[in-house]
Amino acid sequence: MLNELHKLDLSLTTLEAERGMVEDMLDVEAAKARAAQADLAEITQTLGHLRALEDTWRENFRKSLEAVVSQGATSVMGKPTQILLTSSTFRDVTSLSMTIKQGTLVTPVEGARGGSLIQVLSVLLEVLMTISVTPPLAMTLILDEPFGMVSKHYRPAVSALITELNDKLGIQFIIVTQEDDYVDCAQLAYEVHSESGSARLRVLTSRTEEAVL
C-alpha cells in the first residue's frame, strides 16, 4: 500500500512539474501575442500617418501640376486655358484624368479635339516628369517631332514657351523636327541632309556665324 502511495505521489509531482512548464510556455506565448499586438497597433498608426502624408503630397502635387500646365497652355493658346486634374485610387492603384477648360467648354483629354493643345500638354507633362525624377544638373529632354500637329498659328508661342522653360528651369531640349519654325528658339540648330549616301550637317543658327561642316 505504501508503495502504491509513493508511486501516486511521484505521478502527482511529475504532473505538477509538467503543468508548471505548460503555464510558463503559455506565459511566453501570451507575452509574444501582446508584443505582436503592440507592433500591429504601431504599424497601423504609422500607415495612417503615411497615408495622410501621401494624400497631402498628392493634393499639393496635383495643384502644382494644374498651375504649371495651365500657365504653359494659356501662354501658347493665347487665351485662358485651365487644366483640371482628378486622381482616383482603386485597389491601391492611382489613376489621373485630365480635363481641358476654356471658358465654358470643358473637354476630357481622352476625347479632346485640336492637336495643338494636346501636343503642348504632352511636352509640358514630360517636362514636369523630368523635373520630378532627374537631378537638376542633368535635365535633358530629347523630343522627336513633338509639335507635329501644332498649327503654324501657334508655333511662335510654342517657341517662346520652349525658350522660357530653358531659361527658367535650365532644361536642355534636343528637338528632332522637319519644321523650320522652331529654329528661332534654338541656341544651336543643325540641318541634316543626305548627299551621295553620306550625311552632311549645316549649322542654321548658333552663337557663331553660319558655317558648313
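Note that the coordinates shown come from a computational prediction; the quantities given were computed from them, not determined experimentally.

Structural notes on the overall build of the chain
Line of reasoning, step 1. Tallying secondary structure elements over the chain gives 3 helices and 7 strands in all.
Line of reasoning, step 2. When its helices and strands are written in sequence order, the chain yields α-β-β-β-α-β-α-β-β-β.
Line of reasoning, step 3. Counting contacts in the chain only where the partners sit at least 6 residues apart, residues at least 24 apart contribute 40% of the total.
Line of reasoning, step 4. For the chain, the computed accessible surface area is about 15300 Å², with 59% contributed by carbon and sulfur atoms.

Details of the side chain of Ser70
Line of reasoning, step 1. Along the chain, Ser70 falls in helix α1 (residues 2-77).
Line of reasoning, step 2. Polar side-chain contacts of Ser70 include one of 2.8 Å to the backbone nitrogen of Ile83.
Line of reasoning, step 3. When near neighbours in sequence (up to four residues on either side) are disregarded, Ser70 contacts Thr81, Gln82 and Ile83.

A look at the nonpolar core
As a rule of thumb, soluble globular proteins bury nonpolar side chains together.
Line of reasoning, step 1. Val76, Leu121, Val158 and Phe173 are the most contacted members of the largest nonpolar core, which totals 31 residues.
Line of reasoning, step 2. Of all the secondary-structure elements, those providing two or more residues to this core are α1, β1 (82-90), β2 (93-102), α2 (115-133), β4 (140-144) and α3 (155-169).
Line of reasoning, step 3. Residue contributions to this core peak at 7 residues, all from α2.
Line of reasoning, step 4. For Val76, the contacting residues outside a window of four places in its chain are Val120, Tyr154, Ala157, Val158 and Leu161.

Let's talk about α3
Residues spaced three or four apart along an α-helix point in a common direction, a consequence of the helix completing one turn every 3.6 residues.
Line of reasoning, step 1. The terminal C-alpha atoms of α3, which comprises 15 residues, lie 21 Å apart, in line with the 21 Å expected from a rise of 1.5 Å per residue.
Line of reasoning, step 2. Taken together, the buried positions of α3 are occupied by Arg155, Ala157, Val158, Ser159, Leu161, Ile162 and Leu165.
Line of reasoning, step 3. Where α3 terminates, the next one or two residues include Gly170, which has phi positive at roughly 75°.

Here we look at the pairing of β4
Line of reasoning, step 1. Only one face of β4 is buried, namely the one carrying Leu141 and Leu143, since none of Thr140, Ile142 and Asp144 on the opposite face is buried.
Line of reasoning, step 2. Where β4 meets strand β5 (residues 172-176), 5 bridges bridge the pair, whose relative direction is parallel. Opposite Asp144, over in β5, you have Val176 as the bridge partner.
Line of reasoning, step 3. Tracing the backbone out of β4, into α3 and back to the parallel element β5 gives a crossover that is right-handed.

Points about the pattern of salt bridges
Line of reasoning, step 1. Scanning all chains against the criterion turns up 4 salt bridges.
Line of reasoning, step 2. One salt bridge in this structure joins Asp181 and Arg155, with 2.8 Å as the shortest N-O distance. Of this pair, Asp181 sits in the loop between β5 and β6 (189-195) while Arg155 sits in helix α3, placing them 26 residues apart in sequence.
Line of reasoning, step 3. With relative accessibility at 26%, the residue Asp181 sits in the partly exposed group.
Line of reasoning, step 4. By sharing partners, the salt bridges in this structure join Lys152, Arg155, Glu179 and Asp181 into a single network.

Regarding a nonpolar patch on the surface
Line of reasoning, step 1. Together, Ile43, Leu47, Leu50 and Leu53 line one region of the surface with nonpolar side chains, adding up to about 380 Å² of accessible area.
Line of reasoning, step 2. Within the secondary structure, Leu53 sits in helix α1.

What to know about the packing of aromatic side chains
Line of reasoning, step 1. In the structure shown here, the tally under the stated rule is 1 aromatic pair.
Line of reasoning, step 2. On the basis of an interplanar angle of 40° and a centroid distance of 5.5 Å, the ring pair of Phe147 and Tyr182 is categorised as tilted. On the criterion of sequence distance, the pair formed by Phe147 in the loop between β4 and α3 and Tyr182 in the loop between β5 and β6 is long-range, its members being 35 residues apart. Of the two residues, Phe147 and Tyr182, both sit in the buried class.

Quick notes on the environment of Pro156
Line of reasoning, step 1. Structurally, the position occupied by Pro156 is in helix α3.
Line of reasoning, step 2. As for Pro156 and Val76, which are separated by 80 residues in sequence, their C-alpha atoms are 8.4 Å apart.

Quick notes on the confidence of the model for the chain
Line of reasoning, step 1. Taken as a whole, the chain shows an average pLDDT of 76; of its residues, 80% reach a score of 70 or greater.
Line of reasoning, step 2. In the model of the chain, β2 stands out as the element of lowest mean pLDDT, 71, in contrast to β5, which has the highest, 87.
Line of reasoning, step 3. Counting interchain partners and residues more than four positions distant, the pLDDT-below-50 stretch residues 207-213 has 13 contacts.

A closer look at the side chain of Arg155
Line of reasoning, step 1. On the basis of relative accessible area, Arg155 is assigned to the buried category, the value being 6%.
Line of reasoning, step 2. A polar contact is formed between the side chain of Arg155 and the side chain of Glu179, at a distance of 3.0 Å.
Line of reasoning, step 3. With residues up to four places along the chain from it excluded, the contact list for Arg155 reads Val150, Glu179, Asp181 and Tyr182.

What counts, and where the lines are drawn
- Numbering of residues starts from 1 in every chain and runs along the sequence as written.
- Two thresholds apply to this predicted model, a pLDDT of at least 70 for residue-level local features and 80 or more for giving and counting side-chain atom pairs, whereas whole-chain, interface and lining totals are computed over all residues.
- In computing side-chain values, all of the structure's heavy atoms are included and hydrogens and water are not.
- In this text, helices come from DSSP runs of H or I with a minimum length of four residues, and strands from runs of E with a minimum of two, each type numbered from the N-terminal end.
- Contact between two residues is taken to exist if any of their heavy atoms lie within 4.5 Å; hydrogens are not considered.
- For accessible areas, the Shrake-Rupley method is used with a probe of radius 1.4 Å. Any residue's cover is judged against the shown protein chains and nothing else.
- By the criterion applied in these results, polar contacts are pairs of N or O atoms within 3.5 Å in which, for protein atoms, one can donate a hydrogen and the other can accept it, and in which residues neighboring in sequence qualify only through two side-chain atoms.
- Within this scheme, the nonpolar core is defined by two criteria: the residues are buried Ala, Val, Leu, Ile, Met, Phe, Trp, Tyr or Cys, and they are joined through side-chain atoms within 4.5 Å.
- Only protein chains enter the accessibility calculation, which uses a 1.4 Å probe; a residue is then buried when its area is under 20% of its type maximum, exposed when over 50%, and partly exposed in between.
- Between the first and last residue of a helix there are one fewer steps than residues, each counted as 1.5 Å, and that sum is the expected span.
- Pairing between strands requires that DSSP locate at least two bridges from one strand to the other.
- The definition of a right-handed crossover adopted here requires that, viewed with the strands pointing away, the path from the first strand over the helix to the second runs clockwise.
- Any Lys or Arg side-chain nitrogen located within 4 Å of an Asp or Glu carboxyl oxygen qualifies as a salt bridge.
- For patch detection, residues must exceed 30% relative accessible area and be free of salt bridges, and they are connected within 9 Å for like charges or within 5 Å for nonpolar side chains (Val, Leu, Ile, Met, Phe, Trp, Tyr).
- When two rings of Phe, Tyr or Trp (its six-membered ring) have centres within 6.5 Å they constitute a pair, described as stacked for plane angles under 30 degrees, edge-to-face for angles over 60, and tilted for the intermediate range.
- You can read pLDDT as the predictor saying how much it trusts each residue, on a scale of 0 to 100.

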